[in-house]
Structure formats: structure tokens, C-alpha cells
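Residue strings, one per chain:
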Amino acid sequence: MSIRFDGRVALVTGAGGGLGRTHALELARRGAKVVVNDLGGAVDGSGASSEAAQKVVDEIRALGGEALANGASVTDEGAVARLVKETHETFGRIDILVNNAGILRDKSFAKMEMSDFQRVLDIHLMGAAKVTRACWPLMREQRYGRIVMTTSPTGLFGNFGQSSYGAAKAGLVGLMHTLKLEGQKDNIHVNTIMPIAATRMTEGLFPPEMIQRFKPEQVTAGLMCLLDEQAPTGLILAAGGGFFATSQVVESGGITLPSEQVTPEAIRDRWAELSDTAGATPFFAVENELKKIIGALGKVS
Ligand code: NAI
């Protein structure tokens, strides 16, 4: 059975180009009505123009789809509230939200201006939180929602010169993990996509053979699975060049020391054992980790 979004309304932020554009187009091809949001600035977030969003809306209409352009910045709470209100008034609901808008202000941490660091966090992390917060009551009322955050390998693993971007992208994973729990009873699923794609953001970073191979459309194909009615919740999907995997935070099996033996030296001396990932497990929520710890403590007198 093919994945379809007939009758669904989708909002994609930062959809005037790159990955957001291919996400919006594919959602429309598969039947969704799409709101294409984009501030239309440069990669570093400077400038603004409503043209980028409008162009993608024109592409969707040329395919026979329904779409609406919006030029709000995801950082502007008032404009975000108007965007959500307008979407609701025009299409009657919001089923799907893809938090995709983002910028880069790369610099080594030693040279970093904190105003740049703040701006990157404001757009990626606070922007996604603001748009999600504005959609949340509607999704709860509908008892249906599919939300995707966009992280990056930098957020999970680190990349030289990308401290602000990495902090913001890791923050989005943290946001997902709590929202997946808070959304569960209202059928709101929250997942994260971790893309690698040749776009203007990665221009100059990828050698020519990678540009050919890492097409945004391949990331979009994975994203569709996270937006489907059958979507899981709380997953991070790595997607790039036709490669797909789930990325997880896991904890090693660990060791338990009897209370009277807890000293820094005893911990140091068993470092290899406590950090051995052979028995590593991911947890769905804090309580699962606590259960494991309490179980382990119970076995030590
Ligand atoms: P892109 O630069 O083409 O797309 C980002 C879009 O966000 C732009 O169209 C931009 O105008 C828009 N935007 C920026 N600030 C905004 C704001 N305040 N409000 C509304 N829209 C705003 O780059 P790309 O690669 O398509 O990036 C999309 C997302 O994927 C970003 O979150 C990026 O961090 C993430 N990502 C991309 C990777 C890649 O390999 N291309 C790797 C990992 C993550």
C-alpha cells in the first residue's frame, strides 16, 4: 500500500529551497495540502524574501496540488501564531509539521561571537519549539499529529566549527524525546530526521561525486515514513544518498559498586567494564533507565 496524505494538511518550515522544498513537493504529490513557510534569507540567516516560498507553491499548483505560501520567521512568535491561524482557517486542520528551517554560522568556538551562537539556537531550536507549540493544541484537539524535527550528525556526534549548530541540533532531539511522551495519549507522534543532502547549505563542503549521490529527494523518501499514519514515535532516522538507519542514544550495561566501595579510584579501575557497550540498551523514557538502575542496585548488597 502506498503512503498517502489525502485529506491531511502539512506545514513545512524553511520549505523555499533545499530539503524543505522536496519535502513539501512530495507531501503534495501524495495528496496533502501544504503550507510552504520560508523566510527566504541567505544560509547565514541574513535577508528575507517571500519569493522562495511562493515559487514552491507555484510548483505544487502546477502539479495540481493545493498550497499556501508564508514568509514568517519561525523565531517570530506573533507571525507563527498568525501562520497557524491562517493555515487552520484555510484548510481546517494541521496534521503534519516538519520543522526544517535552519541556518549556519560556523566558526571555531574560540572565535565564536555569542550573538551568532544565540541566533543559531533561536532559529533551529526555539523556532521549532515555537511552531510546534502553536500547532500542539490543534493536534491535541484533533487527536492526531505527526511532527518531525530535523537534527544533524553534528548534533549527535560533533563536527569541528559547528558548536552552535551542534548544540541546537542536539536540543531538538531532547525536545522530541519529551514531546513523544506528552503527545502519546493524543496520537501525536514525534520523530527526528537526520539528513545528509547536497543543498546550498552543504555547497562547498561536498566533493562533486557526493553532490550527485546525496539528493534531497532521497531524504524526503525517508521522511514520508515518519509522517505516515503508521509512523513510529521517538525515532531518529539517518537518511542520505539512499542509506537509512536509526540512530539511538544507548547506555552501557554498567557496573554497580556496593555503597562502601564507591570511590573515584574504584570507578576509574573498572572504567573499561562500566563503559563496555556490549550490553547497551536504548531507553524510551527516564523511567526505563531508573528501573534498570534500581534493578541493578537490588542485586548488590
Ligand atoms: P537550506 O539552506 O536550503 O534550507 C534551509 C531553509 O530554511 C532555507 O530555505 C531558509 O530560507 C529557511 N530559513 C532560515 N531561517 C528561517 C527562519 N527564521 N524562518 C523560516 N525559514 C527560515 O538548507 P537545507 O540543507 O535544505 O537544510 C534544511 C534543514 O536540514 C536544516 O535544518 C539543516 O540544518 C538540516 N540539515 C541539512 C543537512 C544537509 O546535509 N543538507 C545535514 C543535516 C541537517
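Undergrad: Could you give me a rundown of the site of the ligand, with the residues and numbers involved?
TA: Every one of the 29 residues lining the ligand counts as a neighbour, but Leu-19, Asp-38, Asn-100, Tyr-165 and Thr-199 are closest to it. At a separation of 2.8 Å, an oxygen atom of the ligand approaches a polar backbone atom of Leu-19. Contact between the ligand and Leu-39: a nitrogen atom at 3.3 Å from a main-chain N or O atom of the residue. In this structure the site holding the ligand corresponds to the largest pocket.

Undergrad: Summarise the sheet that holds strand E2 (residues 33-37); cite the residues concerned and give the values.
TA: On the basis of which strands lie adjacent, the open sheet formed by 8 strands has the order E3-E2-E1-E4-E5-E6-E7-E8 and mixed pairing. The sheet terminates laterally at strand E3 (67-70) and strand E8 (243-246), the two strands that pair on one side only. Ignoring which end each strand starts from, the neighbouring axes of this sheet average 20° apart. As paired elements, strand E5 (residues 145-150) and strand E6 (residues 188-195) share 6 bridges and run parallel to each other. Residue pairing in the sheet places Thr-150 in a bridge with Ile-193 of E6. Across the sheet, helix H2 (residues 51-62) is in contact with E2 and E3; its angle to E3 comes to roughly 175°. Sheet strands touched by helix H4 (residues 114-142): strand E1 (9-12), strand E4 (96-99), E5 and E6. Its angle to E4, the strand with the most contacts, is close to 170°.

Undergrad: Residue-level account of the domain arrangement of the protein chain, with values.
TA: Each assigned domain of the protein chain is listed here: domain 1 (9-247) and domain 2 (250-300). Look at where the C-alpha atoms of domain 1 and domain 2 centre, and you get two points 36 Å apart.

Undergrad: Outline the side chain of Asp-38, supporting the account with residue identities and numerical values.
TA: Checked against the element boundaries, Asp-38 lands in the loop between E2 and H2. Aside from chain neighbours lying at most four places away, what touches Asp-38 is Gly-14, Ala-15, Gly-16, Gly-17, Ser-49, Ala-53, Asn-70, Gly-71 and Ala-72.

Undergrad: Just give me the short version of the layout of surface pockets, but keep the residues and values in it.
TA: Estimates place the volume of the largest pocket at around 1000 Å³. Within the lining of the largest pocket, the residues separate by chemical class into 21 nonpolar, 23 polar and 4 charged. What the second largest pocket holds in volume is close to 360 Å³. Around the second largest pocket, the lining comprises 19 residues; the ones closest to its centre are His-177, Lys-180, Val-249, Phe-283 and Phe-284. Broken down by secondary-structure element, the contributors of at least two residues to the lining of the second largest pocket are helix H6 (163-183) and strand E9 (250-251). Broken down by element, the residue count for the lining of the second largest pocket peaks at 4 residues, all from H6.

Undergrad: So what's going on with the packing of aromatic side chains? Which residues, and what values?
TA: What the rule picks out here adds up to 2 aromatic pairs. Each ring, one from Phe-109 and one from Phe-117, has its centre 6.3 Å from the other, and the planes form 65°; the classification is edge-to-face. The class of Phe-109 is exposed, set by a relative accessible area of 57%. Lys-180 extends its terminal NZ or CZ atom over the ring of Phe-284, reaching a point 4.2 Å from the ring centre.

Undergrad: Got a sec to walk through helix H8 (residues 216-227)? Specific residues and values, please.
TA: With 12 residues, H8 should reach 16 Å at 1.5 Å per residue; the first-to-last C-alpha distance of 17 Å fits that figure. Pro-216, Val-219, Thr-220, Gly-222, Leu-223, Met-224, Leu-226 and Leu-227 are the residues of H8 that are buried. If you follow the buried residues of H8, they end up packed against helix H1 (18-29), E4, E5, E6, strand E7 (236-240) and E8.

Undergrad: I'd like a rundown of the pattern of salt bridges, residues and numbers included.
TA: Opposite charge on two side chains permits pairing when their charged atoms draw close. In total, this model carries 16 salt bridges according to the counting rule given. Notably, a salt bridge pairs Arg-105 with Asp-116, separated by 3.1 Å at the nearest N-O pair. Linking Arg-105 in the loop between E4 and H4 with Asp-116 in helix H4, this pair joins segments that are 11 residues apart in sequence. With a relative accessible area of 15%, Asp-116 lands in the buried category. Lys-107 is paired through a salt bridge with Asp-116; the nearest N and O atoms lie 3.5 Å apart. Using a relative accessible area of 33% as the deciding quantity, one classes Lys-107 as partly exposed.

Undergrad: Break down the environment of Phe-5 for me, citing the residues and quoting the values.
TA: By secondary structure assignment, the location of Phe-5 is in the segment before E1. Residue classification places Phe-5 among the buried positions, given a relative accessible area of 2%. A sequence separation of 25 residues divides Phe-5 from Arg-30, and the C-alpha atoms of the two residues are 5.6 Å apart. Setting aside anything within four residues of it in sequence, one finds Phe-5 in contact with Leu-27, Arg-30, Gly-31, Ala-32, Ile-96, Met-224, Leu-227 and Asp-228.

What counts, and at which threshold
- Residues numbered from 1 in each chain as written.
- Predicted model: local features only at pLDDT ≥ 70, side-chain atom pairs only at ≥ 80, totals over all residues.
- Heavy atoms only, no water.
- Near = heavy atom within 4 Å.
- Polar contact = N/O pair within 3.5 Å; in protein donor to acceptor, adjacent residues only side chain to side chain.
- 1 Å grid on protein atoms, 1.4 Å probe; cavity = no way out; pocket = protein on both sides within 12 Å on 5 of 7 lines; lining within 4 Å.
- Sits in = over half its atoms within 2 Å of the grid points.
- Pairing = 2+ DSSP bridges.
- Helix = DSSP H or I, 4+ residues; strand = E, 2+ residues; numbered from the N terminus.
- Axes fitted to C-alpha atoms, helices over the stretch in contact; angles between N-to-C directions.
- Contact = heavy atoms within 4.5 Å.
- Domains from an automatic or database assignment.
- Points joined across faces, edges and corners; volume = space filled by probe spheres on them.
- Nonpolar A, V, L, I, M, F, W, Y, C, P; charged D, E, K, R; others polar.
- Phe/Tyr/Trp six-rings, centres within 6.5 Å; stacked < 30°, edge-to-face > 60°.
- Buried < 20%, exposed > 50% of the residue type's maximum accessible area, 1.4 Å probe, protein only.
- Lys NZ or Arg CZ within 6 Å of the ring centre and 35° of its normal.
- Expected span 1.5 Å × (residues − 1).
- Salt bridge = Lys/Arg side-chain N within 4 Å of Asp/Glu carboxyl O.

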